[in-house]
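Here is how the chains run, residue by residue.
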Amino acid sequence: MTSAEAGRGALVLIGPMGAGKTSVGRRVARALGETFSDTDKIVVRDHGPIRDLFLAHGEAHFRAVERDAVAEALERGGVVALGGGAVLDPVTRERLTQHRVVLLTVAPHVVASRIHGDERPLLGGEDPAERWLRIYEERRPIYEAAADIAFDTSSGPLARVVDDIVAWARPVPAQETP
Ligand SMILES: Nc1ncnc2c1ncn2[C@@H]1O[C@H](COP(=O)(O)OP(=O)(O)O)[C@@H](O)[C@H]1O
Ligand SMILES: O=C(O)C1=C[C@@H](OP(=O)(O)O)[C@@H](O)[C@H](O)C1
Ligand SMILES: [Mg+2]
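Residues numbered from 1 in each chain as written. Chains lettered and ligands numbered in written order. Predicted model: local features only at pLDDT ≥ 70, side-chain atom pairs only at ≥ 80, totals over all residues. Heavy atoms only, no water.

**Q** What am I meant to see in the nonpolar core here?
**A** One broad trend across soluble globular proteins is that nonpolar side chains are buried collectively. One finds I14, L82, L104 and I165 to be the most contacted residues of the largest nonpolar core, which totals 49 residues. Counting residues per element, this core draws most heavily on helix α3 (residues 50-76), which supplies 9 residues. Setting aside anything within four residues of it in sequence, one finds L104 in contact with L13, I14, G15, P16, A19, G20, K21, V24, F151, T153, V161 and I165. (Core = buried A, V, L, I, M, F, W, Y, C linked by side-chain atoms within 4.5 Å. Buried < 20%, exposed > 50% of the residue type's maximum accessible area, 1.4 Å probe, protein only. Helix = DSSP H or I, 4+ residues; strand = E, 2+ residues; numbered from the N terminus. Contact = heavy atoms within 4.5 Å.)

Right under this line is the structure:
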């Protein structure tokens, strides 16, 4: 039974850049036999590279485009990885209340190696790790308010986080009636 058939909405991964939403989300979808959507991928499909979009039109335009990508992904259902800043949009936050929302976290000293030499436009400049931390601290209350549950991805293999999310998300089998 898919999550849509179970009427439980999409399984949505939120959290800061480099927490693992895209890589973990894809594996969780495979394990659950669900479709996988990544809102950044939808944006790129429709508008080209995110870095170019930021440069040409600015962050506000990216957020508007991202809002539509989130709506499309949630409509599709299955497992959905959001871009790290998608929760800044109030319309998206309202939509998320109809879905199961998983927050992925990561410790600042761990994320440094994951975002090294990164393409993400918000992490450009002198000190990406410092920028990451500032952005994360700003958004942390929003992430926590939107999430039903949180998993930390700082240590251990990626497969463990995947297993933990799958165990949380899998529908409980109906009891046999005698
Ligand atoms: N649990 C994990 N353990 C080790 N590396 C991870 C883990 N989760 C993600 N990564 C690595 O971190 C990088 C960023 O992951 P990604 O899935 O793109 O994060 P996000 O979508 O949250 O920005 C990738 O290179 C990925 O392989
Ligand atoms: O946190 C953010 O504002 C962003 C996160 C990125 O996605 P990931 O969180 O998947 O890296 C991407 O949407 C864009 O670079 C902006
Ligand atoms: Mg991602």
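After that view, the rundown keeps rolling.
**Q** Help me understand the side chain of T105, please; the structure alone is not making it clear to me.
**A** Considering the arrangement of structural elements, one finds T105 in strand β4 (residues 100-105). Engagement of the side chain of T105 in a polar contact is seen with the side chain of D152, the distance being 2.7 Å. Among all residues touching T105, those that are not within four sequence positions of it are A19, Y136, F151, D152, T153 and S154. (Polar contact = N/O pair within 3.5 Å; in protein donor to acceptor, adjacent residues only side chain to side chain.)

**Q** Explain the layout of surface pockets here, please?
**A** To find the voids left in a structure, one rolls a probe of water-molecule size over its atoms. In this structure, the largest pocket encloses a volume near 650 Å³. Along its surface, the largest pocket is lined by 35 residues, and M17, G18, T22, D40 and R120 are the ones closest to its centre. Secondary structure elements with two or more residues in the lining of the largest pocket: α1 (21-32), α2 (39-47), α3 and α7 (158-169). Examining the composition of the lining of the largest pocket, we find that 6 residues originate from one element, α3, more than from any other. By residue class, the composition of the lining of the largest pocket is 15 nonpolar, 9 polar and 11 charged. (1 Å grid on protein atoms, 1.4 Å probe; cavity = no way out; pocket = protein on both sides within 12 Å on 5 of 7 lines; lining within 4 Å. Points joined across faces, edges and corners; volume = space filled by probe spheres on them. Nonpolar A, V, L, I, M, F, W, Y, C, P; charged D, E, K, R; others polar.)

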